[in-house]
Structure formats: structure tokens, C-alpha cells
Amino acid sequence: MTNRCSHSWSKRENQSSRINCYVSGSTNQMILSTTIAIIGSSIPMGYGMGVLNSPQAIIRIWIQEAMTKKFGIIMSNRQNLMMWSTVISIFLIGCALGGLKGGTLADKVGRRRAFLINYFICMTSCGMFTLCIVFHAVQILLTSQLLFGISAGISSVLVPVYLSEIETDSFRGMAVIHAFGISLGMFISEICGMDILLGSAKLWPCLLCIPGLMTLISLLLYPYLQESPVFIAFTQEDTVQRKHLLINNQNDKNLEKECLLSTESINTYQSEPEKYSIYMLFKERSLHKPIFLTIVLYMNTVFSGINAIVAFGNLIFTSAGLNQQESQIASICATGLRCIMGVVAILLVKKCRRRPVILCAFGGCIVSLAMLMSSLCYHSTVATYMAILSCVLYFISYATGIGALACAISVELLPKNPKPYVMSLATGLYWLCNILVGTTFPLIQNTLGVFSLLFFIFYCIVSATILYFHLPETFNKFSVTENKNDVPDMIDKSSYLPIAN
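The residue numbers shown here count from 1 along each chain, following its written sequence. Per-residue local features are limited, in this predicted model, to residues with pLDDT of at least 70; the limit for side-chain atom pairs, both in listing and counting, is 80 or more; totals at the level of whole chains, interfaces and linings are taken over all residues. Each side-chain value is derived from all of the structure's non-hydrogen atoms; neither hydrogens nor water enter the calculation.

- In the nomenclature of an unreviewed UniProt entry, the chain is known as Major facilitator superfamily (MFS) profile domain-containing protein of Meganyctiphanes norvegica.
- UniProt positions are given in the numbering used here, feature names are shortened, and annotations may be inferred rather than shown by experiment. If you open the UniProt record of the chain and go to Subcellular location (unreviewed entry), you find "Membrane".

In C-alpha cells, the structure reads:
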């Protein structure tokens, strides 16, 4: 028994000493890898989520003409609307499929190769967008939307996991940059979708191909995209290959002290199975609470009312006396505000604790939704400006807390090995809930009017209560200054060892 224990301890020391020698690459290399991931995955994902809003009427006319020319079918307005709903829904279905399989793909082929596969899927879908115009085929448009959705779903899992694995101790929470990339992509899509740019009847196919250009840029920079040190350390047994994890700049002594892998990774890996699956996640009792909190965090981004704010936005702009073009500009400004607050969120994640930020964000969302509901009940100039103010407050609260921290907190809650699979599960449910809200909210809005906001207010209150009592603080939980009492109670505290300085 003593021999077995000593052998196990020496083996553990061997593994720990090998992994502890891994230190981060230069800051420039980390920034470059992050930029490549954001340009090729996060921005195209956000772009795809918002690109079809502006040219909706033009594409619906093209669908009508294509069905008449290809099949001789003259569609009614209701049939045309159903076909358009199919075009939107199939993108979300693809996102759900890609999200559920994204973690498995990242673990099977590695983060770097998963990015490469994702780039090719995105470029293929953009190429098919041009073919649908040439052949006047709606079925090609649907196929390209499905592929584009799969690419976006993979990105929604792959990017947060990857950023959390290449981040340094000096900047924890890099997954928040993924949320900023999504907002930036939506902002770019709304600008490019303007009638005076690419939102015209002749140029809308070019509008749908812009993500392919972003992906091409990342593909050209792909040789500079580093593999995740976590993936290499836990899958490669050849120490010669592991030497690539050492820093390039040996003269910078400070970089040598900045360990890229937390010691939590070492002990978690030793105590967990090498391979996970969705089914195995629910067999591990220690993972039940992190899984639940991760799902709640992702559901918050859907059920906190962002769809309602966007839906009521057009009504608010119309009541303010804006015409169609002015309403489009106002919508672009609102998305630009989300991008600005995304930058603020990056700064907050670096300096602030997670719990106060996200709970304050929920407070802001609840107040702004209540203000919006009250102001929409009255028809006056003051009520209109109050509605606009409530929308601004909501975007600030959502972009700095609920939308930005969902990824950042989730990757900090989860151990390294099951992280891709839990993120896949949460992401898949996120996209399925998007389908649910997108299909049911218009009906609820038509039935209840402004009082449909009560559902989102109630959800925000319930979710904030759950997070207040159950969400642990994850800010700098692996740093040397972390108190053991602050370590989340669902993970073994003994696995957090000081990182040498």
C-alpha cells in the first residue's frame, strides 16, 4: 500500500513538474492568436446574426421571383412569410447543431484544427450564397444558411474555450472578447446592410459574402495561430513536442514567471477521465452545480429581454417621428452602443469581481424593462423619450454584464477537461431557446402588447436571485492572492496551488 502511494505521488510530481514548466508565449503572440480567432469566428458569427435584418424585404422579393422562375409557383404573402421564417430558423438550427458538436470537435482534432475546419465551413457557405443567385435556387440559400449556422455554432463554443486556455494570469476572463466580437459583427452587418451600401436589390448577395472575406483573412494568418497549451499538455505524451510551449523570448524574465496553465488544470486532469461525453457530464455529481450555473448564465442572454427591446425598438422609433432611414440609423447607433459597452466590459472583467457586475447588470435590466413598459402605455413626447432612455439603459446593462459575462464566468467555473462539453451543452440550449423566443414572442407580443415585458422582468428577478445565492466569485480564483475561502465550493479547494512568482 505504501509503495503504491509513493509511486502515485512520484507520478503526480513528475506530471506536475512537466506541466509547471510551461509558460506563456509572448504577449504579442497571445494578442495575435486572439485577433485571428475573433476576426475569423466571433465577428462572422455576430455578422450572421444581424445581416438579414436590413435586406429582408429585398430577399423576400427574390424568393418570390426564384420560386416562380424555378418551379412556376406563385407564392401568397403568407407562404412567402413562411419561407422567410424557414430561412431564419434553419440558421438557428444549424447554430444549435454546431454548438452541440463544437466541444467534441475541439477535443477530437484540437483547437487549432477545429478553427481551420470552421473556416472552411464558413467559406463554403458564403460561396453558396453567390450560387443561389446564379441558379435562382432557394434550396441553395437554405443549405448555405444551415452551413453558416453550423459554423456560428462551432464558433460559439470554440472561441470562449480557446481564449480561456491561452489567457495569461495577468488577464483572466479573456472570453469576454468573444462577446465583443459578436457585437462588432452585428454592428458591421447593420452598416453594410444600409441601402446606400450593400443593402440594395443588386448588391445583397455581396452583403452575405462578407463573412467569407473575414474568414479568408484569418485563414491567411492561420500559421500564426498557436495551439491551445491545455490541449497539447493533456494530449501529447512526447516531451519534444511539448517544448513548443516554452516562451520565444528567453530574455524576458517576467514572461517566464507568468504561467499559462493554472495548477488547477494539473490536478483536475489527474482526477478526471481523459475523455468526456454529454452523458458522462451528468454522472459526475461534482459537475452538477457548475453545469446548472453555466446553463443559467447562457439562458440569461436569451430570456433577459434583448429580443423584446429589439422588437419594440421599431415602435419606439416610429412614435418618435423617425422615417425608415432614420430608424435604421438609430438601430445602428444602438448596436454601436453595445460595441462601446463591450469594450467597457473587457476593462471591467480585468479589474472587477464578477458577482457585483452581473448582479448590477440584472438590476439595470429590470429597471429599464419596467421603465419601457410604463412609457409605452402612454402616447406623449415625454413617454417616447423615456422609452428611448430605457432602451439605452438596457443596452448598457446588458452589454456590460449579462451578455458579456456569460462566457467569461462559465469558462472560469468549469474544470479544463469537461469544459468544451459543458459549453457545447449550454450553447446548444442557448440556440434552441433563441428559436423558441423567436417563434413565440411575436405571438405573445400581439396578444399581450407591452405587458409581454412582464415575462422578462419576472425572469430577470428569478435569475438574479439564483445567481445571488449560488454563483461563486470567480475573479482571480487561480491567482496567488486568492483566499482559499473564496474558491468555489463545488470544486476541490486542495487543487488550487500557488503559482510561482
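Having seen it, we continue.
Quick word on the confidence of the model for the chain
Next up, step 1: Of the residues in the chain, 80% reach a pLDDT of 70 or more, and the chain-wide mean stands at 79.
Next up, step 2: Here helix 1 (residues 2–20) stands out as the element of the chain with the lowest mean pLDDT, 40, in contrast to helix 20 (residues 453–470), whose mean of 93 is the highest.
Next up, step 3: In the predicted structure, residues 1–25 sits below a pLDDT of 50 and forms 33 contacts with residues beyond four places in sequence or in another chain.
Next up, step 4: One number per residue, pLDDT, summarises how confident the predictor is, and it ranges from 0 to 100. What makes two residues a contact is simply this: any of their non-hydrogen atoms within 4.5 Å. The low-confidence segment residues 237–273, where pLDDT is below 50, has 87 contacts with residues more than four positions distant or belonging to other chains. Every helix listed is a DSSP run of H or I at least four residues long, and every strand listed is a run of E at least two residues long, numbered separately from the N terminus.

Observations concerning the packing of aromatic side chains
Next up, step 1: Ring geometry is summarised as follows: Phe, Tyr and Trp rings, the Trp one being its six-membered ring, pair when their centres sit within 6.5 Å, and such pairs are stacked at plane angles under 30 degrees, edge-to-face over 60 and tilted between the two. One pass over the structure, following the stated rule, counts 14 aromatic pairs.
Next up, step 2: Relative to tryptophan 204, the ring of tryptophan 62 has its centre 5.6 Å away and its plane inclined at 65°; by these criteria the two rings are edge-to-face. One end of the pair, tryptophan 62, is in helix 3 (residues 56–71); the other, tryptophan 204, is in helix 8 (residues 204–220), and 142 residues separate them in sequence.
Next up, step 3: The class for tryptophan 62 is buried, based on a relative accessible area of 9%.
Next up, step 4: Each residue in the set Phe303, Phe441, Phe455, Phe456 and Tyr459 is aromatic and connected to the rest through ring pairs, giving one cluster.
Next up, step 5: A cation over a ring is seen here: arginine 112 above tyrosine 222, with NZ or CZ 4.3 Å from the ring centre.
Next up, step 6: Here the guanidinium or amino end of arginine 355 rests over the ring plane of tyrosine 468, the centre of that ring lying 5.6 Å away. Relative accessibility thresholds used throughout: buried, under 20% of the residue-type maximum; exposed, over 50%; partly exposed, between the two (1.4 Å probe, protein chains only). Geometrically, a charge over a ring is one whose NZ (Lys) or CZ (Arg) sits within 6 Å of the ring centre while staying within 35 degrees of the ring normal.

Quick look at the pattern of salt bridges
Next up, step 1: One speaks of a salt bridge when a side-chain nitrogen belonging to Lys or Arg is within 4 Å of a carboxyl oxygen belonging to Asp or Glu. The full count for this structure, using the stated rule, is three salt bridges.
Next up, step 2: Across the pair arginine 354 and glutamate 412 runs a salt bridge whose closest N-O atoms are separated by 2.7 Å. Here glutamate 412 lies in helix 18 (residues 381–413) and arginine 354 lies in helix 17 (residues 354–376), a separation of 58 residues in the sequence.
Next up, step 3: Several salt bridges converge on common partners, so that one network encompasses Asp107, Arg111 and Glu165.

A short note on helix 3
Next up, step 1: The span one expects for a helix is its residue count, reduced by one, times 1.5 Å. A rise of 1.5 Å per residue sets the reference length of helix 3, with its 16 residues, at 22 Å; its end C-alpha atoms lie 22 Å apart and thus fit the reference within 8%.
Next up, step 2: Buried residues of helix 3: Ile59, Arg60, Trp62, Ile63, Ala66 and Met67, and no others. The buried residues of helix 3 occupy an angular sector of 160° when projected down its axis, which confines them to one face. Facing away from the buried side of helix 3 by over 90 degrees, the exposed positions are Ala57, Glu65 and Lys69.
Next up, step 3: Check the buried side of helix 3 and you find it contacts helix 4 (77–109), helix 5 (111–135), helix 6 (138–166) and helix 8.
Next up, step 4: Where helix 3 ends, the next residue or the one after it, glycine 72, has phi of about 70°, a positive value. Note that the arc is defined by the directions from the helix axis to the C-beta atoms.

With respect to a nonpolar patch on the surface
Next up, step 1: Each patch groups residues whose relative accessible area exceeds 30% and which form no salt bridge, using 9 Å between like charges and 5 Å between nonpolar side chains of Val, Leu, Ile, Met, Phe, Trp and Tyr. Here the accessible surface of atoms and residues is derived via Shrake-Rupley with a 1.4 Å probe, and residues count as covered only by protein chains that are part of the display. There is a patch of nonpolar side chains on the surface, built from Leu213, Leu216, Ile217 and Leu220 and spanning about 380 Å² of accessible area.
Next up, step 2: Along the chain, leucine 213 turns up in helix 8.
Next up, step 3: Under the relative-accessibility criterion, leucine 213 is labelled exposed at 52%.

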